[in-house]
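Examining the three-dimensional arrangement
Listed below, chain by chain, are the residues.
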Amino acid sequence: MSIKENQIKWLKRFRKISIIEGLSFLLLLFIAMPLKYVFDMPMAVKIVGWVHGMLFVIYIYVIFPTAKKLDWSFSKTFLGLVAAVLPFGPFIFDRNLKKKEKELIDS
């Protein structure tokens, strides 16, 4: 496997994890939390919160080797970490990653 193919593989994997983690965060904030506090259904937060927590840990675990494989700068890696704790952050960060993936594939 060439270096470029390996980078594409790592980038695609990270993008998938990022989107899933971002969706779980939005589900937690906009579905589970209202169910808990408006409709007194705390189990929604317990389940969605646990799933989101695991996805967040996976995101953090994968960002560092991805950053190394793709030769990201400290600031880009830091922005990726900040994106994980902001609603819609992973989707905004993903726009940049999608451009990088297209560049890798086209080159």
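Here the residue index of a chain counts from 1 through its sequence in written order. Selection of residues for local features in this predicted model requires a pLDDT of at least 70, selection of side-chain atom pairs for listing and counting requires 80 or more, and totals for whole chains, interfaces and linings are taken over all residues. To get the side-chain values, all heavy atoms of the structure are used, and hydrogens and water are removed first.

A pairing counts as a salt bridge when a side-chain nitrogen of Lys or Arg comes within 4 Å of a carboxyl oxygen of Asp or Glu. What the rule picks out here adds up to four salt bridges. One salt bridge in this structure joins Arg-15 and Glu-101, with 2.6 Å as the shortest N-O distance. Placement of Arg-15 in helix 1 (residues 3-39) and of Glu-101 in helix 4 (residues 89-106) is noted, with a sequence separation of 86 residues between them. Each member of the pair, Arg-15 together with Glu-101, is buried. We note a salt bridge from Asp-106 to Lys-102, for which the minimum N-O separation is 2.8 Å. You can see Asp-106 and its partner Lys-102 sitting in helix 4, four residues apart, about one turn around the helix. The residues Asp-106 and Lys-102 share a single accessibility class, namely exposed. Salt bridges sharing common partners tie together Lys-12, Arg-15, Asp-94 and Glu-101. A run of DSSP states H or I qualifies as a helix once it reaches four residues; a run of E qualifies as a strand once it reaches two. Both are numbered from the N-terminal end. Partly exposed describes any residue whose relative accessible area lies between the buried limit of under 20% and the exposed limit of over 50%, with all areas from a 1.4 Å probe on protein chains only and scaled to the type maximum.

In this section: the side chain of Glu-21. In this fold, Glu-21 is placed in helix 1. In summary, the charge assignment counts Lys and Arg as positive and Asp and Glu as negative, without counting His or the chain termini. The side chain of Glu-21 sits in the buried core without any salt bridge; Arg-15 is the nearest counter-charge, 13 Å away. The criterion used for residue contact is that any of the two residues' heavy atoms lie within 4.5 Å. Among residues more than four places away in sequence, those in contact with Glu-21 are His-52, Leu-55, Phe-56, Tyr-59, Ala-84 and Pro-90.

This brings us to the nonpolar core. Within the largest apolar cluster, 15 residues are counted, with the highest numbers of intra-cluster contacts made by Phe-14, Tyr-59, Trp-72, Phe-93 and Leu-97. Those elements giving two or more residues to this core turn out to be helix 1, helix 2 (42-69) and helix 4. Once residues lying within four places of it in the same chain are set aside, the contact partners of Tyr-59 are Phe-14, Ile-17, Ser-18, Glu-21, Gly-80, Ala-83, Ala-84 and Phe-93. Only buried residues count toward a nonpolar core, which is a set of Ala, Val, Leu, Ile, Met, Phe, Trp, Tyr and Cys residues joined through side-chain atoms within 4.5 Å.

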